[in-house]
Amino acid sequence: MKKFLIALLTCYVLQAPAQTETTIRQHYTEVNKQIAESVEQGFEGPLYQNQWIINKNGKSWPAVGIYADTVNFWYDDDPGHLPAAERNPKNVLLKINTSRHASALYSQAEFLFKDGRLLFYYLHEGEEGNDWQTRVYFNTKGVAFKTSVKYNDRELTAKELTTTEYKDFKPNPATILAESKKFQDLFLKTM
């Protein structure tokens, strides 16, 4: 009986990340759908957008050259506009999209949130004909349970990410969480 119970619990634990990843993907799809509707419908769309732009006119930056940085905050809010004492503004933030161009490096990042917690991080970078894609899935406790790194459309293995050639591409969940917190704080300052 004990062996059966242990086997059942093991199966449940092994399935949990897949279910969480599926739930995150569904939330990601729904939020992207709401963003598309909001862009299309303007003020009648389901989400609000705050945008933060650095170097809008594209002037050359010292020691960098070409530089532009845009951050889009996508959020919803209760239609009844609850008093500030009754709501947590951090919980309305759904997604942050960043876009950066610095000299020859292009990067786009996405941070997906639910109830104030980071669930998913995506980074796409390109420089001098090379392309990197990083995905990190987080559980509700802020622990990364799945990572994926592609270099020029080839999935890198965990062993390859420890080599000198690719170690800089290995995602650091603590750094990603800290960056998402920095953006959340910036979002809260815009409210």
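For the structure given in this document, a descriptive report is provided here. For clarity, every value in this text was computed on a predicted model and none was experimentally measured.

Procedures and definitions
Residues numbered from 1 in each chain as written. Predicted model: local features only at pLDDT ≥ 70, side-chain atom pairs only at ≥ 80, totals over all residues. Heavy atoms only, no water. Core = buried A, V, L, I, M, F, W, Y, C linked by side-chain atoms within 4.5 Å. Buried < 20%, exposed > 50% of the residue type's maximum accessible area, 1.4 Å probe, protein only. Helix = DSSP H or I, 4+ residues; strand = E, 2+ residues; numbered from the N terminus. Contact = heavy atoms within 4.5 Å. Salt bridge = Lys/Arg side-chain N within 4 Å of Asp/Glu carboxyl O.

Judged by nonpolar contacts, the single largest core of 17 residues is most densely connected at Phe73, Ile96, Phe111 and Tyr121. When contributions to this core are tallied by element, the ones reaching two or more residues are β2 (67–75), β3 (93–102), β4 (105–114), β5 (117–127), β6 (130–138) and α2 (173–190). Ignoring any residue separated from it by four or fewer positions in sequence, one finds Tyr121 in contact with Ala109, Glu110, Phe111, Thr134, Arg135, Val136, Phe138, Ile176 and Glu179. Val31, Trp74, Leu119 and Phe120 belong to the second-largest nonpolar core, a separate cluster that totals 11 residues.

The next point concerns the pattern of salt bridges. Tallied over the entire structure, the rule returns six salt bridges. Between Arg25 and Glu21 there is a salt bridge, with the nearest N and O atoms lying 2.7 Å from each other. Residue Arg25 and its partner Glu21 are located together in helix α1 (residues 2–41), separated by four residues, close to a single helical turn. The partner of Lys181 in a salt bridge is Asp185, and the shortest N-O contact between them spans 3.0 Å. With Lys181 and Asp185 both in helix α2 and four residues apart, this pair spans about one turn of that helix. A relative accessible area of 40% places Lys181 in the partly exposed class. When its relative accessible area of 28% is taken as the criterion, Asp185 is described as partly exposed. Three or more residues are tied together by salt bridges with common partners; here these are Glu21, Arg25 and Lys146.

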